[in-house]
Amino acid sequence: AAALQRLREVFDIEELPPDVLPRKKPPQFMVDLFNKVADANGITRAPGLLQGDVVRSFEDRVHVDHHHFYFDISAMEKGEQMLKAEFRVFKLKRTHWSRRSDVPHFCKVEVYELLDSKNKPQKKHLIASRLLSLYTEGWEVFNVTETVSKWVGNSSSNHGFWITTTHVSNNGMKHDVVTFAKSQGTLQESRNALLVLFTNSNKRRSHSFKQALPNLMVLMTLMSPKAAAAAARSPLTACHRRELYVDFQAIGWSGWIIHPSGYNAFYCRGSCVFPLGESLNATNHATVQSIVYTLKLSQEVSMPCCVPDELKSLNLLYFDDKQNVVLKNYKDMVATRCGCH
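Anyway, here's the lowdown on the structure attached to this text.

Cut-offs and rules
Residues numbered from 1 in each chain as written. Predicted model: local features only at pLDDT ≥ 70, side-chain atom pairs only at ≥ 80, totals over all residues. Heavy atoms only, no water. Helix = DSSP H or I, 4+ residues; strand = E, 2+ residues; numbered from the N terminus. Buried < 20%, exposed > 50% of the residue type's maximum accessible area, 1.4 Å probe, protein only. Phe/Tyr/Trp six-rings, centres within 6.5 Å; stacked < 30°, edge-to-face > 60°. Disulfide = S-S within 2.5 Å. Pairing = 2+ DSSP bridges. Axes fitted to C-alpha atoms, helices over the stretch in contact; angles between N-to-C directions. Contact = heavy atoms within 4.5 Å.

## Focus on unusual backbone geometry
Here the bond from Leu-21 into Pro-22 is cis, since omega is 0°, no more than 30 degrees from zero. With respect to the helices and strands, Pro-22 occurs in the loop between helix H1 (2-10) and helix H2 (28-37). Residue Pro-260 follows His-259 across a cis peptide bond; omega there is -10°. Structurally, Pro-260 can be placed in the loop between strand E12 (257-259) and strand E13 (262-264). Notably, Phe-266 is not glycine yet its phi reads approximately 60°, a positive angle. Inspection of the secondary structure puts Phe-266 in the loop between E13 and strand E14 (267-269). In this structure, Gln-323 takes a positive phi of about 65° despite not being glycine. Of note, Gln-323 is situated in the loop between strand E15 (306-319) and strand E16 (325-340). Note on Gln-323: relative accessible area 31%, which makes it partly exposed.

Here you go:
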């Protein structure tokens, strides 16, 4: 229990989210983003692919009104710094419309911030506008960073977004000429509007692997006692990297973690006895220490330690306790190289 509690702290999970998989599907945008920044095991492909270390997605909560889009962003943590906010809506194709060459094939789309949700007509503030083709369909992305930053600072000011579409031709002006997808059944679930926030958690997690290593060893013993006991009995060879697989299903987390199903944290084990070869990535200090230890020049000097000297970050895609999908990057979670230090 203590090991699992410590593991929750490492992954910054205060309350365990409820099991929602496979009943609930994550937005495809978040799955694609995970695959862009991480491999199948969640290991970061390359630094700098993700803006910030947390990406939060919120689905539209208004299912009736095709103009109104509302997102509950209360899952944002205190001290979290917002870097960018994107309002993503799926424009549906216009099926019945004149294709005559003298009729403009474009419409004007305007996105507003609602200033009040009670009064009608709604008080609103224009955020963005653009021209869109009537006959194409696909995702439209609007930068709403300034507006959402205000909502984060004052949640009572969040009344959502309002979208209008206008078509101007020789026959006059027509409104609501195109619509944007809403989650009305399983067909359009993947097209539901999203608010995506890119943030920095501002939490120091760079030492998380070193803190978690003893607990991960306990976890490995819980998951595979025979393998752990065999490793402990094996003769001490030169310092090298060994496998340490963390299985999210085995610890009861598979009901809310989307990707990966587990990951290999690896750990370092072995001796650092002189002479230290190049493969041991020893520091000069460790080399001197190993000589003093081997020659028994001091009773107080111990053998250098076999520890990770290169670590990579891990990416987790999961449902939080409000069923929002979150992509989070955890620094220093996978030992990629071991050395004597």
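## Considering the packing of aromatic side chains
What characterises a pair of aromatic rings is the spacing of the ring centres plus the angle enclosed by the ring planes. Counted under the stated rule, the structure contains 15 aromatic pairs. Considering the side-chain rings of Phe-11 and Tyr-330, the 5.1 Å spacing of their centres and the 75° angle between planes classify their relative orientation as edge-to-face. Highlighted residues: Phe-11 in the loop between H1 and H2 and Tyr-330 in strand E16, separated in sequence by 319 residues. Residue Phe-11 is classed as buried on the basis of its relative accessible area of 0%. Here Tyr-330 falls in the buried class, since its relative accessible area comes to 0%. When the ring of Phe-69 is compared with that of Phe-87, the centres are 5.6 Å apart and the planes differ by 65°; the resulting orientation is edge-to-face. With Phe-69 in strand E2 (residues 68-69) and Phe-87 in strand E3 (residues 81-91), this pair connects stretches of sequence that are 18 residues apart. Phe-69 gets classed as buried once you look at its relative accessible area, which sits at 0%. On the basis of relative accessible area, Phe-87 is assigned to the buried category, the value being 0%. Members of the aromatic cluster, connected to one another through ring pairs, are Phe-11, Phe-248, Trp-253, Trp-256, Tyr-263, Tyr-318 and Tyr-330.

## Here's the deal with the state of the cysteines
For the structure on display, the rule yields 2 disulfides. Across a sulfur-sulfur distance of 2.1 Å, Cys-239 and Cys-306 are joined as a disulfide pair. Its torsion about the S-S bond being 75°, the disulfide of Cys-239 and Cys-306 is classed as right-handed. Here Cys-239, found in the loop between helix H5 (225-233) and strand E10 (240-242), pairs with Cys-306, found in strand E15; they are 67 residues apart in sequence, far enough to count as distant. Here Cys-239 and Cys-306 have matching classes, each one buried. Between Cys-268 and Cys-338 runs a disulfide, and the two sulfur atoms are separated by 2.0 Å. Residues Cys-268 and Cys-338 are joined by a disulfide whose S-S torsion is about -80°; by sign, that bridge is left-handed. Here Cys-268, found in strand E14, pairs with Cys-338, found in strand E16; they are 70 residues apart in sequence, far enough to count as distant. As far as burial versus exposure is concerned, Cys-268 and Cys-338 are alike and both buried.

## So, the sheet that holds E15
Here 7 strands make up an open sheet; going across it, the order is E6-E3-E9-E1-E16-E15-E12 and the pairing antiparallel. A strand with exactly one partner marks an edge of an open sheet, and here the two such strands are strand E6 (138-143) and E12. Put simply, the sheet's adjacent strands are angled 30° from each other on average, direction ignored. Of the strand pairs in this sheet, E12 and E15 are connected by 2 bridges, and their pairing is antiparallel. Bridge assignment links Ile-257 to a residue of E15, and that residue is Tyr-318. The sheet strands contacting H2 are strand E1 (54-59), E3, strand E9 (194-200), E12, E15 and E16, and the helix crosses E16 at an angle near 15°.

So far we have only geometry, and geometry alone does not tell us how the molecule works.
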